[in-house]
Amino acid sequence: MPLVNMKDMLNHAYQNGYAVGAFDLVSLDFLEGIMDAAERCHAPVILSLAESHFEYFDFELAMPAVVAAARRATIPVAIHLDHGESFESAVHGINRGCNGIMVDSSQQTLADNIEMTRAVVDMAHACGVPVEGELGYVPGVEGEDAERHPGEIAYTTVSEAKDYVTQTEVDFLAVSIGTVHGRMQGKPKLDFFRLQEINDTLGIPLVIHGGTGLSDEQFQQLIGCGVSKINYYTSLADKAGVQIRDNASTKPHHGYTSLAAGVRDSISIEVERCIRLWGSANRATELLALCTPWMPVEHLIIYNVDGITEHQANTMMSEGQNILSTIPGVLEVTTGRAIQHDAMYRYTWLIRFCHSAVIDSYRAHPKHVVFADTLFRPVAGERISIDYQT
Ligand code: 13P
């Protein structure tokens, strides 16, 4: 149950004047440190995975651990793809288990940003998944010195924000008002007047990227102007770095586990500081009562084939697995064959959807229609199907 709909979570934060932390994770130490802090604070949390970090870990391998951590939690959790780079990345993120998606086409022209974001919103909403868009450009790279990636800040304008949100129907908007990704030497100057105007105009949860380096007062002011999600990473990586360097200096001849000792706790302490500062501590109970649980749906077909050999049936099933698993919202496709030779039905498909909305979008998807009409239905006249939640 504790995996919940991120839109419910952020709407509550927006209406109640606090922000949920979206902490980027790059290893199990991060995952466990973030979850420990959120549990200690009884706070909602967003486990965030940035596509730019996929060079440091295997997204496919990490996601089952992230989903397991969310499912066993006692606090509300959402799993978010941060800075998805393409439409395909967004589909991949959803199909691996993300229930919130950000597409970042903020460096493109406004028209191209709108077109790309709109396509992702259509696809993601048909899977029940909310979308964060970004307008304006927040320069820098998470985990690095912001000064080394100066790029010009492009501030979000109120009129463009209005057009963008109306045309794309994003659920949350990341705005550029002076923050920078990564480690900054100076103190960022934030344009709160602009932020307030954007908030008054849009009335949807706003997102701040580049949380590292902001002061306590700046965070309070951001939240007062409608910021309901704060993205945070570099400071966590730096706390981990300090711990590793300390370990190396006190235990110069030790190996990996000694060097990594305490990293999880140093991350957790910083996450706890943020959660308490941003006002999300002790919100878990009220949120769990109102957030829609994020529950996968299973689509089961049991069937017999007619007019094809066993070998042809195998080929049809493996082609189906390849084709159907790429449809947005499909978490997993498995096929089976009865053990008993006299079973009333011999074959099964079990298709896991991320959300009940996928029942309809999957059925209408052109890949499903072609597969079902040309390869499956002509040979599988005798069948029973059911969609259910476990
Ligand atoms: P920082 O690394 O500056 O905290 O920013 C994180 C971020 O915005 C991730 O999207």
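See the structure shown above.
Bear in mind the structure is a predicted one, so any value in this text is a computation, not a measurement. (Residues numbered from 1 in each chain as written. Predicted model: local features only at pLDDT ≥ 70, side-chain atom pairs only at ≥ 80, totals over all residues. Heavy atoms only, no water.)

Q: Any chance you could explain the packing of aromatic side chains here in plain terms?
A: Working definition: an aromatic ring pair is given by the centre-to-centre distance plus the angle between the planes. Enumeration according to the criterion identifies 13 aromatic pairs in this entry. Ring geometry for tyrosine 232 against tryptophan 278: centres 5.6 Å apart, planes inclined by 80°, an arrangement best described as edge-to-face. Of the two residues, tyrosine 232 is situated in strand β8 (residues 227-232) and tryptophan 278 in helix α11 (residues 263-278); the sequence distance between them amounts to 46 residues. The class of tyrosine 232 is buried, set by a relative accessible area of 3%. Judged by centre distance (4.8 Å) and plane angle (50°), the ring pair of phenylalanine 353 and tyrosine 362 falls under tilted. An identical accessibility class is assigned to phenylalanine 353 and tyrosine 362; each is buried. Three or more aromatic residues joined by ring pairs form one cluster here, namely Tyr303, Tyr347, Trp349, Phe371 and Phe376. Its guanidinium or amino end placed over the ring of tyrosine 347, arginine 346 lies 5.6 Å from that ring's centre, counting from NZ or CZ. (Phe/Tyr/Trp six-rings, centres within 6.5 Å; stacked < 30°, edge-to-face > 60°. Helix = DSSP H or I, 4+ residues; strand = E, 2+ residues; numbered from the N terminus. Buried < 20%, exposed > 50% of the residue type's maximum accessible area, 1.4 Å probe, protein only. Lys NZ or Arg CZ within 6 Å of the ring centre and 35° of its normal.)

Q: Sorry, what's going on with unusual backbone geometry here?
A: Outside of glycine, negative phi angles account for most residues, and trans bonds account for most peptide bonds. Within the chain, glutamate 169 stands out as a residue other than glycine whose phi angle is a positive 60°. Among the secondary structure elements, glutamate 169 is positioned in the loop between α6 (158-168) and β6 (172-175). Take glutamate 169: its relative accessible area is 44%, and that puts it in the partly exposed class.

Q: Would you explain the site of the ligand in this entry?
A: Surrounding the ligand, one finds 15 residues, the nearest of these being Asp82, Gly182, Gly210, Thr212 and Thr234. At 3.2 Å from an oxygen atom of the ligand is found a side-chain nitrogen or oxygen belonging to histidine 83. Surface burial for the ligand is 100%, taken as the share of its 310 Å² of free accessible area covered by protein chains. Elements with a minimum of two residues in the shell around the ligand: β3 (77-84) and β8. A per-class count over the shell around the ligand returns three nonpolar, nine polar and three charged. (Near = heavy atom within 4 Å. Polar contact = N/O pair within 3.5 Å; in protein donor to acceptor, adjacent residues only side chain to side chain. Areas by Shrake-Rupley, 256 points an atom, 1.4 Å probe, with all protein chains shown as cover. Nonpolar A, V, L, I, M, F, W, Y, C, P; charged D, E, K, R; others polar.)

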